[in-house]
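Reading the structure
Here is what each chain is made of, one letter per residue.
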Amino acid sequence: MPIVTIQITREGTTPGASAATAEEKAALIKGVSELLLDVLKKPMRGTFVVIEEVEKENWGWGGLPVDAYRAQLAAEKG
(Lines give C-alpha, C1' and ligand atoms only; values in the text may rest on other atoms or scores of the structure.)
Protein backbone atom coordinates (compact mmCIF):
# COMPACT_ATOMS: atom_id res chain seq x y z
CA MET A 1 0.00 0.00 0.00
CA PRO A 2 1.91 3.08 -1.22
CA ILE A 3 1.48 6.38 0.55
CA VAL A 4 2.71 9.37 -1.41
CA THR A 5 3.08 12.84 0.09
CA ILE A 6 3.28 15.83 -2.23
CA GLN A 7 4.34 19.14 -0.73
CA ILE A 8 3.62 22.37 -2.60
CA THR A 9 3.76 26.00 -1.61
CA ARG A 10 0.39 27.54 -0.83
CA GLU A 11 0.02 29.73 -3.88
CA GLY A 12 -2.11 29.52 -6.92
CA THR A 13 -1.12 28.88 -10.49
CA THR A 14 -3.15 31.84 -11.77
CA PRO A 15 -3.12 35.51 -10.70
CA GLY A 16 -5.19 36.10 -7.57
CA ALA A 17 -5.35 32.43 -6.58
CA SER A 18 -4.03 31.58 -3.13
CA ALA A 19 -3.82 27.80 -3.47
CA ALA A 20 -3.91 24.97 -5.98
CA THR A 21 -7.43 24.32 -7.19
CA ALA A 22 -9.41 21.20 -6.40
CA GLU A 23 -9.07 20.23 -10.07
CA GLU A 24 -5.27 20.60 -9.97
CA LYS A 25 -5.08 18.51 -6.80
CA ALA A 26 -7.31 15.84 -8.36
CA ALA A 27 -4.99 15.73 -11.39
CA LEU A 28 -1.96 15.28 -9.12
CA ILE A 29 -3.67 12.44 -7.23
CA LYS A 30 -4.68 10.72 -10.44
CA GLY A 31 -1.29 11.16 -12.09
CA VAL A 32 0.71 9.85 -9.14
CA SER A 33 -1.62 6.90 -8.71
CA GLU A 34 -1.39 6.01 -12.39
CA LEU A 35 2.41 6.31 -12.29
CA LEU A 36 2.63 3.85 -9.40
CA LEU A 37 0.32 1.48 -11.28
CA ASP A 38 2.33 1.73 -14.51
CA VAL A 39 5.81 1.49 -12.98
CA LEU A 40 5.38 -0.66 -9.87
CA LYS A 41 2.06 -2.37 -10.65
CA LYS A 42 0.57 -0.98 -7.43
CA PRO A 43 -3.23 -1.03 -7.55
CA MET A 44 -4.83 2.39 -7.58
CA ARG A 45 -7.34 1.29 -4.93
CA GLY A 46 -4.46 0.73 -2.51
CA THR A 47 -2.60 3.98 -3.23
CA PHE A 48 -2.96 6.92 -0.87
CA VAL A 49 -1.90 10.43 -1.90
CA VAL A 50 -1.59 13.29 0.58
CA ILE A 51 -1.13 16.86 -0.63
CA GLU A 52 0.39 19.24 1.91
CA GLU A 53 0.29 22.94 1.16
CA VAL A 54 3.03 24.88 2.89
CA GLU A 55 2.86 28.63 3.43
CA LYS A 56 5.54 30.35 1.36
CA GLU A 57 7.19 31.86 4.43
CA ASN A 58 7.80 28.29 5.65
CA TRP A 59 9.53 27.21 2.42
CA GLY A 60 12.96 28.02 1.07
CA TRP A 61 15.98 26.77 -0.79
CA GLY A 62 19.43 27.98 -1.63
CA GLY A 63 19.64 29.44 1.86
CA LEU A 64 16.80 31.88 1.20
CA PRO A 65 13.04 32.12 1.72
CA VAL A 66 11.21 31.21 -1.48
CA ASP A 67 10.30 34.78 -2.48
CA ALA A 68 13.88 36.00 -1.99
CA TYR A 69 15.23 33.04 -3.97
CA ARG A 70 12.83 33.70 -6.84
CA ALA A 71 13.79 37.38 -6.84
CA GLN A 72 17.47 36.41 -6.99
CA LEU A 73 16.80 34.08 -9.93
CA ALA A 74 14.88 36.80 -11.76
CA ALA A 75 17.69 39.31 -11.21
CA GLU A 76 20.27 36.82 -12.52
CA LYS A 77 18.22 36.25 -15.67
CA GLY A 78 18.18 40.02 -16.15
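Structure first, text after, so check above.
Summary of the structure given here. (Residues numbered from 1 in each chain as written. Predicted model: local features only at pLDDT ≥ 70, side-chain atom pairs only at ≥ 80, totals over all residues. Heavy atoms only, no water.)

Our next topic: the packing of aromatic side chains. All told, the structure shown has one aromatic pair when counted by the stated rule. An angle of 55 degrees between the planes, with centres 4.4 Å apart, marks the rings of Trp-61 and Tyr-69 as tilted. Judged by its relative accessible area of 36%, Trp-61 is partly exposed. Given the relative accessible area of 19%, Tyr-69 is considered buried. (Phe/Tyr/Trp six-rings, centres within 6.5 Å; stacked < 30°, edge-to-face > 60°. Buried < 20%, exposed > 50% of the residue type's maximum accessible area, 1.4 Å probe, protein only.)

Tallied over the entire structure, the rule returns six salt bridges. A salt bridge links Arg-10 to Glu-53; the nearest nitrogen and oxygen atoms lie 3.3 Å apart. Within this pair, whereas Arg-10 is found in the loop between β1 (3-9) and α1 (22-40), its partner Glu-53 is found in strand β2 (residues 48-54), the two being separated by 43 residues in sequence. Among the residues examined, Arg-10 registers a relative accessible area of 33% and is labelled partly exposed. Notably, a salt bridge pairs Glu-34 with Lys-30, separated by 3.9 Å at the nearest N-O pair. In this pair, Glu-34 and Lys-30 are both assigned in helix α1, four residues apart and thus about one turn of the helix distant. (Salt bridge = Lys/Arg side-chain N within 4 Å of Asp/Glu carboxyl O. Helix = DSSP H or I, 4+ residues; strand = E, 2+ residues; numbered from the N terminus.)

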